[in-house]
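Remarks on the overall topology
So the chains spell out like this:
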Amino acid sequence: MTKRVVITGMGLVSPLGVKLEEVWSRLCRGESGITQLPIERYGSYRSRIAGLCTDFTTDGYLLPKEAKKIDRFTQFALTAAVDAVGMSGLDFDTMDRSRVGVIIGCGVGGLGEIERQQDRLRASGPGRVSPFTIPKIMLNAAAAYVSMFYNLHGPSFGVATACASANNAMIEACRQIQLGELDAAITGGTEAAVTDLGMSGFCAMRALSERNDAPEAASRPFDHDRDGFVIAEGSGVLLFEELEHAKQRDASILGEVLGYGVSTDGNHITQPDEAGTQAAVAMQNTLKTSRLLPEQIDYINTHGTSTHLGDLAETAAIKLAFGEYASKLTLSSTKSETGHLLGGSGGLELIFSLLAIRDGIVPPTINLENPDENCDLDFTPLTAREKKIDRVISNSFGFGGHNACVAVGRFCD
């Protein structure tokens, strides 16, 4: 029999802050975490705005000498994981540590460290390159260091499917618990790609918004005047747990993972299938594994990046997946406020989905002032909305055509 998977802890690092309730309050108020980048460093870049985690610190989590050994994306994941474990109340000393996994998604990895060590190499030669270079840049570092921090021995690995990385990681964590291979898993996503190389690479693709004089208005999913996504950094990490294991220790259950769906466009390395065919399949598979009808979904946290093609493709996919019910769905894009965390986005957005269920609030799509006529669904423009929410789908679609959707719901015993 398939095991049920519940969520008992959450932690985050985001452009809106690092404290869960404060971030959620700011999100519901429609505040933006997007700011201008230093002109002296990024003045020649086409895009000079981003979502930065300016409040972030490892103080209280790691000794300074230990923090220096890991890249920023791993620091994000580790601090978010500590907060998630703390909320869950799990005591690993009382558990079989081989039955606790760590599966964390990341799309890019240690770009900042690559840049720093490349500069050293060119300036001073190979003898000056840090011995921590490879351990700091590798994509699996986040999962590895969280495992080391807690001395865990279950499956530990990174997942890299671009902007779908966190959702794919959480799906794999869910599957291993469902199959009885794990009692719990620390899972989600992280990213720290607001660097010279990250910014210049996305600028070269013309993927980023160039609304540099109005950063708070730059991320505008589904709006006619959108001109690209806003890159951001951060992490969202959750504690997934097998239901009976959680009940035995009288844990506070935040929600349940109901199902998931994945697919691949097989179309283009960066552009989505404009018809949304396979993204629709991912949502339909999510309904199937959740054993839900379309009309039982109360809210969709969309991928909604604010790119021209991406928002059109997602709108088309939702219409394909939900048919006539699509026009009755309540949707929004929280990337309008946080920017796009790339491989970390799915973890953060699943946290927002669970909080939406808890409080009965649909966070808004800010800056949606002039809706695209082809994005004609209810994307909750400008202000939050009160609504009873029991079941949510969170969408993530990544470069390479990766589609991954996760459904969560209010826990009912």
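For the structure, see preceding data.
Notes on the structure in this doc start here. (Residues numbered from 1 in each chain as written. Predicted model: local features only at pLDDT ≥ 70, side-chain atom pairs only at ≥ 80, totals over all residues. Heavy atoms only, no water.)

**Overview of the overall build of the protein**
If you tally the helices and strands in the protein, you get 14 helices and 14 strands. The C-alpha atoms of the protein give a radius of gyration of 20 Å, which matches the 22 Å a tight globule of 413 residues would have. C-alpha extents for the protein along the principal axes are approximately 65 × 55 × 40 Å. Evaluated residue by residue, the protein yields a buried proportion of 59% over its 413 residues. Counted over contacts in the protein with a minimum sequence separation of 6, partners at least 24 positions apart contribute 79%. Looking at the protein, you have 37 positive and 51 negative side-chain charges, and the mean spots of the two groups are 3 Å apart. (Helix = DSSP H or I, 4+ residues; strand = E, 2+ residues; numbered from the N terminus. Rg over C-alpha atoms; globule rule 2.2 N^0.38 Å. Buried < 20%, exposed > 50% of the residue type's maximum accessible area, 1.4 Å probe, protein only. Contact = heavy atoms within 4.5 Å. Lys, Arg positive; Asp, Glu negative; His and termini not counted. Charge placed at Lys NZ, Arg CZ, Asp CG, Glu CD.)

**Details of unusual backbone geometry**
We note that L342 has phi near 55°; this positive angle belongs to a residue other than glycine. By secondary structure assignment, the location of L342 is in the loop between helix 13 (335–338) and helix 14 (345–359). Positive phi is not limited to glycine here, since N367 has a value of about 70°. Among the structural elements, N367 can be located in the loop between strand 11 (361–362) and strand 12 (385–386). Relative accessible area serves as the criterion here: at 10%, N367 is assigned to the buried category.

**Quick word on the packing of aromatic side chains**
Taken as a whole and judged by the stated rule, the model has 8 aromatic pairs. Considering the side-chain rings of F202 and F399, the 6.4 Å spacing of their centres and the 50° angle between planes classify their relative orientation as tilted. Residue F202 is located in helix 9 (residues 196–204), and its partner F399 is located in the loop between strand 13 (391–398) and strand 14 (402–409); the two are separated by 197 residues in the primary sequence. A residue is classified by how much of its surface remains accessible, and F399, at 30% relative accessible area, is partly exposed. (Phe/Tyr/Trp six-rings, centres within 6.5 Å; stacked < 30°, edge-to-face > 60°.)

**Some remarks on the side chain of T315**
Its place among the elements puts T315 in helix 12 (residues 308–322). Relative accessible area serves as the criterion here: at 0%, T315 is assigned to the buried category. Once residues within four sequence positions are removed from consideration, T315 is found in contact with F222, N374, C375, D376, L377 and F379.

**What to know about the pairing of strand 7 (residues 234–242)**
Counting buried positions along strand 7 gives 9 out of 9 residues, so the element sits mostly inside the fold. The alternating pattern of strand 7 places G234, G236, L238, F240 and E242 on one face and S235, V237, L239 and E241 on the opposite face, and all of these are buried. Where strand 1 (residues 5–13) meets strand 7, 8 bridges bridge the pair, whose relative direction is antiparallel. Bridged to I7 within strand 7 is F240. Sheet topology places strand 6 (residues 184–191) next to strand 7; 8 bridges connect them, and they run antiparallel. The residue bridging G189 from the neighbouring strand is G236, located in strand 7. (Pairing = 2+ DSSP bridges.)

Interpretation note: all reported values are geometric properties and have no functional meaning in isolation.
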